[in-house]
Amino acid sequence: MWRFILKRLIMLIPVLFGVALIVYFIMDLTPGDPAVIIAGEDATPEQREAIREELGLNDPFIVRYGRYMFNLFRGDMGRSMLSKVDVFPTYFQKLPASLALAFGSIIVALLLSIPLGVLSATHQNTWVDTLCTIIGMLGMSMPNFWLGMMLIIAFSNKLGWFPSGGFDGLKSLILPSITEGVFLLALIMRNTRSSMLDVIRQDYIVTAKAKGVNRRGIIWHHAFRNALIPIITVAGMNFAYVLCGPVLTETVFSWPGVGRLVYDGITKTDTQLVTGCLILSCMFVSVINLVVDIIYAFVDPRIKAQYSK
Amino acid sequence: MSKNKETAAVVETEVAKSYKGRSQFREVMHRLRKNKGAMVGLFVFAVIIIIALLGDVLFDYETDVIGNNIVDRLQSPNANHWFGTDEMGRDLFARVLYGARYSLAIGFVSTLVSLGIGLVLGSIAGYKGGWVENVIMRITDIFYSLPSILLAIAVVSALGNSMLNLMIAVGVSNAAAFCRVTRASVLTERGKDYVEAARAIGQGEMRIVLKHVIPNSLSPIIVQTTVRVAGAIISAAGLSFLGLGVPLPAPEWGSLLSMGRGYLRDYPYMVIAPGLAIMITVLAVNLFGDGLRDAIDPKLKK
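All values reported here derive from a predicted model rather than from experimental measurement.

Rules used in this analysis
- Residues numbered from 1 in each chain as written.
- Chains lettered and ligands numbered in written order.
- Predicted model: local features only at pLDDT ≥ 70, side-chain atom pairs only at ≥ 80, totals over all residues.
- Heavy atoms only, no water.
- Helix = DSSP H or I, 4+ residues; strand = E, 2+ residues; numbered from the N terminus.
- Expected span 1.5 Å × (residues − 1).
- Buried < 20%, exposed > 50% of the residue type's maximum accessible area, 1.4 Å probe, protein only.
- Contact = heavy atoms within 4.5 Å.
- Phe/Tyr/Trp six-rings, centres within 6.5 Å; stacked < 30°, edge-to-face > 60°.
- Buried area = accessible area lost by both parts, 1.4 Å probe.
- Salt bridge = Lys/Arg side-chain N within 4 Å of Asp/Glu carboxyl O.
- Polar contact = N/O pair within 3.5 Å; in protein donor to acceptor, adjacent residues only side chain to side chain.
- Nonpolar A, V, L, I, M, F, W, Y, C, P; charged D, E, K, R; others polar.

Undergrad: Looking at this model, I keep getting lost on helix α6 (residues 130–145) of chain B. Mind explaining?
TA: Relative to the 22 Å expected for 16 residues at 1.5 Å per residue, α6 of chain B spans 23 Å between its end C-alpha atoms, a close match to the ideal helical length. Among the residues making up α6 of chain B, those that are buried are Glu 133, Ile 136, Met 137, Thr 140, Ile 142 and Ser 145 of chain B. Next to the buried residues of α6 of chain B lie α1 (2–29) and α13 (271–299) of chain A together with α5 (92–128) and α8 (163–190) of chain B.

Undergrad: Teacher, can you tell me more about the packing of aromatic side chains here?
TA: The relative placement of two aromatic rings is captured by the distance of their centres and the angle of their planes. Residues and elements named next belong to chain B. Taken as a whole, this structure holds six aromatic pairs over all chains when the rule is applied. Ring geometry for Phe 45 versus Phe 108: centroids 5.9 Å apart, planes at 65 degrees, classification edge-to-face. One end of the pair, Phe 45, is in helix α3 (residues 36–58); the other, Phe 108, is in helix α5, with 63 residues separating them in the sequence. Taking relative accessible area as the criterion, Phe 45 reaches 13% and is therefore assigned buried.

Undergrad: I'm lost on the interface of chain A and chain B in this one. Help?
TA: One frequent convention defines the size of an interface as the accessible area lost when the parts assemble. Facing 46 residues of chain A, the contacting portion of chain B comprises 38 residues. Buried surface at the junction of chain A and chain B, summed over both partners, amounts to about 3,900 Å²; 76% is from carbon and sulfur atoms. Across the contact surface, chain A and chain B share one salt bridge. Counting every contact that joins chain A to chain B gives four residue pairs in polar contact (both at pLDDT 80 or more). Among the elements of the structure, α1, α6 (127–141), α7 (144–158), α8 (169–200), α10 (215–244), α11 (247–252), α12 (258–267) and α13 of chain A are those that each provide at least two residues to the side of chain A that touches chain B. Of the residues belonging to the side of chain A that touches chain B, the class tally is 31 nonpolar, ten polar and five charged.

Undergrad: Looking at this structure, I do not really get the pattern of salt bridges. What am I missing?
TA: Side-chain pairs of opposite charge can arise where the charged atoms are in close proximity. One pass over the structure, following the stated rule, counts nine salt bridges over all chains. Residues Asp 141 of chain B and Arg 138 of chain B are paired through a salt bridge, measuring 3.0 Å at the closest nitrogen-oxygen approach. Residue Asp 141 of chain B and its partner Arg 138 of chain B are located together in helix α6, separated by three residues, close to a single helical turn. The class for Arg 138 of chain B is partly exposed, based on a relative accessible area of 44%. Across the pair Lys 192 of chain B and Glu 189 of chain B runs a salt bridge whose closest N-O atoms are separated by 3.2 Å. Shared partners join several salt bridges into a network, and the residues in it are Arg 190 of chain A together with Asp 290 and Arg 293 of chain B.

Undergrad: Hey, could you run me through unusual backbone geometry in this one?
TA: Glycine aside, a negative phi is what most residues show, and trans is what most peptide bonds show. All names here are of chain A. Of note in the backbone geometry, Ser 254 takes a positive phi value of approximately 45 degrees without being a glycine. Along the chain, the position of Ser 254 falls in the loop between α11 and α12. Relative accessible area serves as the criterion here: at 49%, Ser 254 is assigned to the partly exposed category.

Undergrad: Looking at this model, I keep getting lost on the environment of Thr 275 of chain A. Mind explaining?
TA: Residues and elements named next belong to chain A. Take Thr 275: it is sitting in helix α13. On the basis of relative accessibility, which here comes to 0%, the residue Thr 275 falls in the buried class. Put simply, Thr 275 and Lys 84 are 191 residues apart on the chain and 15 Å apart in space, counted from C-alpha to C-alpha. With residues near it in sequence (within four places) discarded, Thr 275 still touches Ala 20, Val 23, Tyr 24 and Tyr 68.

So far we have only geometry, and geometry alone does not tell us how the molecule works.
Below, the structure is given as structure tokens:
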């Protein structure tokens, strides 16, 4: 088990090199001279040249990339070109808001999707199932930033129940969590349903029924535990995305999170900031994927047995 | 006894007749036609395509779609302006209907971009194996671990704001998924007997891949394509919403939403119609896609 975790962590290193290379390369193509961005529009050509020399911007691409990676391994992600603050603390300053949003939306999604999915599977082809299917279909098809605006119109402008933006306590978390969670809700619900339907038809469920186990016991104890693996995969994979990419939800709700930070960085050509934030985000994604794999092992003894080999 | 045999023989030939000439394609179409959801989706999608194609016939771009008419600004929906008007007095009904062409074009073209990249790289990886596969799949992993919306934002800002660049950005950010699906599918086909047989009669590698392996691996790729068209329409609207998509004043649905955002408190009509338009389009694609998946692989149907 430990060897497996260690191996996965070591495999992370080339991925991070790759991510940095791609991001560095794309940001390098971005029009706009970093020297102008740093020195301002009215700097003289000499001043700009001095800044370029100082930052090593005149070096070839591969030299700059190499230097960046060298510094990265010493724990130095450089400074934001605009705010002149180190990238590392900037990222972690924005992280709590993003984490809160990520957990909020996962909670919204899991609390509703799993019961609805199970209900839908156990009542296959009834009106309950149809209703759940429709909810799932709508949730998958709705642009979430639009849903966010609709929620603002209804619950903060008309009814005044929740604030329309900003991160200020639990109350401000509710609308963004629903906005970000709805797609996930639909996705997990559909997965739970099909996964449950697969399991319900297995022989051991029939056996349990024949032995006289009550319905609730069969569904939650026998069927649901075995249906959990695909559900965990989807939830885990998407948790990572919710954590790193909710730019749109963060924009709609003026949420001070990482997605917004990266977006601002990209539009202002702040290469240092963007590269650093994306590398950190990818680390999170990979670590979460690793955690998901470990959770599997706890849910499914068969997988655990594979690891211990 | 002999009569029984005769009837059995008749039944057999009847059965054989009904299956004869029924290709896999026709089987799939037959199952698809029986799926109500898929047919509704297809119908709605067809209507949206027609609206997109007729945009220039129905409305005059210069006057109806982008022409200002300040006197009529910010009207609620009424008999003249079914969806109301925006802050420049432009009719939202005309703008939303005209906007269909942008979303559809971006949805299709960007998916073609990702399909092209993914199909080529995925089939090379799946068929060749070895270090080639390793290199391609590790690069795919890297792209996969970047959140696709952030990747798309970065690509658009590197290439500049335009519809073509938006298509490329969305296409590139989704290519990794196609690459994975194609590889997995080709990998299972590669080991089958017919590939061995084709090799045995001396067919070239290129021919085997193009004529035999890819056609047989298509089902999951087709399913993936419909899913991605829906996703691409939403991503493109999202990027336009952030101001990184189709340049103004074109009435792309995402840009309409972004303009309406400033009027959320006093004039919510501006964001309702464009959002519904996106949702209906994506819903139609998803319904059709679900039906297609069930028709291609009935085992998956629940």
